[in-house]
Amino acid sequence: MRSPEPGRRALLDAGRALLGSENLSKVSVNAITAGAGMAKGSFYQHWPSREEYLLALHREFHDTLFARVRAAIADLPPGAERLRTGIDVYLDGCLADPATKALLVQARTDAGLGGEVAHRNALAADIATEDLTAIGWPDPHPVAVLLIAAIAETALLELDATAPRPDLRAALLGLAER
């Protein structure tokens, strides 16, 4: 039996490419399959609906980004340096991916992705909570939740600037360190 991975991969890559220039709401199954050079029916061999496909795109984006962050902070003890490293790796990863804007901003308003966005933000807040605890925050979790939201906003501002914003990155860490 032939592996479904090459076709699935081609469809995911086509969607990521489309999200670099299109709004999430405008990415159609027809455009995805055309971008992948595949028949429309092949799309439904991998996902039962467009919504499930968008969820897979969102998960893949964040899985890749989270893996980079985890690898970068793996040998660092919780604290300001680990937090700074994680923030930089996350923001650099967002800036490098043209699909980021659609997967960060537009995903917030997509009903099918709302639960996934909340889940990913909670995972990131759990990591940041460890760092904020080490920094000395007495009740770090609410601060971590707000910090994650500020990091996502910084990612969008950097995308608009098409470059890192060292001032905003420093401000994020400054807020965390009080």
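Look a little higher up for the structure.
Here the structure is a predicted model, which means the values were calculated and not measured.

### Description of the layout of surface pockets
Looking at the largest pocket, its volume works out to about 410 Å³. Lining the largest pocket are 24 residues; nearest its centre among them are Phe 66, Tyr 90, Ala 124, Ile 148 and Ile 151. Those elements that provide at least two residues to the lining of the largest pocket are helix 4 (50–73), helix 5 (80–96), helix 6 (100–109), helix 7 (114–135) and helix 8 (140–161). For the lining of the largest pocket, the element with the highest residue contribution is helix 7, accounting for seven residues. Partitioned by chemical class, the residues of the lining of the largest pocket number 16 nonpolar, four polar and four charged.

### Remarks on unusual backbone geometry
Positive phi is not limited to glycine here, since Thr 162 has a value of about 55°. Its place among the elements puts Thr 162 in the loop between helix 8 and helix 9 (166–177). Assessed through its relative accessible area of 65%, Thr 162 is described here as exposed.

### Quick look at the packing of helix 7 against helix 8
Between two packed helices, both the angle of their axes relative to each other and the distance between the axes serve to describe the pair. Relative to each other, helix 7 and helix 8 sit at 125°, their axes nearing to 8 Å. The orientation of helix 7 relative to helix 8 falls into the category oblique. Crossing of helix 7 against helix 8: the hand is right-handed. Contacts between helix 7 and helix 8 involve Asn 121, Ala 124, Ala 125, Asp 126, Ala 128, Thr 129, Leu 132 and Thr 133 on the former and, on the latter, Pro 140, His 141, Val 143, Ala 144, Val 145 and Ile 148. Across the contact of helix 7 with helix 8, the residue classes tally to nine nonpolar, four polar and one charged.

### Considerations on the packing of aromatic side chains
The tally for this structure, following the rule as stated, stands at four aromatic pairs. On the numbers, 5.1 Å between centres and 55° between planes, the contact of Phe 43 with Tyr 53 is tilted. Of this pair, Phe 43 sits in helix 3 (residues 40–46) while Tyr 53 sits in helix 4, and the two are 10 residues apart along the sequence. Taken individually, Phe 43 and Tyr 53 each receive the classification buried, so the pair is uniform in this respect. Between Trp 47 and Tyr 53, the aromatic rings sit 4.8 Å apart at their centres with planes inclined by 80°, giving edge-to-face as the arrangement. As far as the burial class goes, Trp 47 and Tyr 53 line up, both buried. Over the aromatic face of Phe 66 sits the side chain of Arg 120, whose NZ or CZ is 5.7 Å from the ring centroid. The side chain of Arg 178 reaches across the aromatic face of Trp 137, ending 4.4 Å from its centre.

### Structural notes on the environment of Ala 122
Following the sequence through the fold, Ala 122 ends up in helix 7. Sequence-wise, Ala 122 and Glu 158 are 36 residues apart; in three dimensions their C-alpha atoms are separated by 22 Å.

### Considerations on the nonpolar core
In terms of nonpolar packing, the biggest core is built from 47 residues, with Leu 19, Tyr 53, Leu 83, Tyr 90 and Ile 151 touching the most fellow members. Only helix 1 (5–19), helix 2 (29–36), helix 4, helix 5, helix 6, helix 7, helix 8 and helix 9 provide two or more residues apiece to this core. Among the elements that line this core, the one with the most residues is helix 4, at 10 residues. If near-sequence neighbours (up to four positions away) are discounted, Tyr 53 is found in contact with Leu 11, Leu 12, Ala 14, Gly 15, Ile 32, Phe 43 and Trp 47.

Reading the values: rules and limits
Counting from 1, residues in each chain are numbered in the order their sequence is written. Where totals are concerned, whole chains, interfaces and linings use all residues; where local detail is concerned, this predicted model gives features only for residues with pLDDT of at least 70, and gives and counts side-chain atom pairs only at 80 or more. Values reported for side chains reflect all heavy atoms of the structure, with hydrogen atoms and water molecules removed beforehand. A cavity here means a set of 1 Å grid points, computed over protein atoms only, where a 1.4 Å probe fits but cannot escape. A pocket is an open set with protein on both sides within 12 Å along at least 5 of 7 lines, and lining residues have an atom within 4 Å of a point. Grid points are joined across faces, edges and corners, and a volume is the space filled by probe spheres set on the points. Strands here are runs of E lasting at least two residues and helices are runs of H or I lasting at least four, both read from the DSSP assignment and numbered beginning at the N terminus. The nonpolar class holds Ala, Val, Leu, Ile, Met, Phe, Trp, Tyr, Cys and Pro. Asp, Glu, Lys and Arg form the charged class, and all remaining residues, Gly among them, are polar. Each residue is placed in one exposure class: buried if its accessible area under a 1.4 Å probe, protein chains only, is under 20% of its type's maximum, exposed if it is over 50%, and partly exposed if it falls in between. To define axes, lines are fitted to C-alpha atoms, for helices over the stretch in contact only, and angles between the resulting N-to-C directions are given on a 0 to 180 degree scale. Between 65 and 115 degrees an angle is taken as roughly perpendicular, under 35 as roughly parallel, over 145 as roughly antiparallel, and anywhere else as oblique. Handedness of each helix crossing follows the sense of rotation of the near helix against the far helix: counterclockwise by less than a right angle gives left-handed, clockwise gives right-handed. We call two residues in contact when some of their heavy atoms are within 4.5 Å. Geometry of aromatic contacts follows a simple scheme: Phe, Tyr and Trp rings, the Trp one being its six-membered ring, pair when their centres are within 6.5 Å, and the pair is stacked under 30 degrees between planes, edge-to-face over 60, tilted otherwise. For a lysine, the NZ atom is tested; for an arginine, the CZ atom; a charge sits over a ring if that atom is within 6 Å of the ring centre and within 35 degrees of the ring normal. Joining through side-chain atoms within 4.5 Å is the link that ties buried Ala, Val, Leu, Ile, Met, Phe, Trp, Tyr and Cys residues into a set, and such a set is a nonpolar core.

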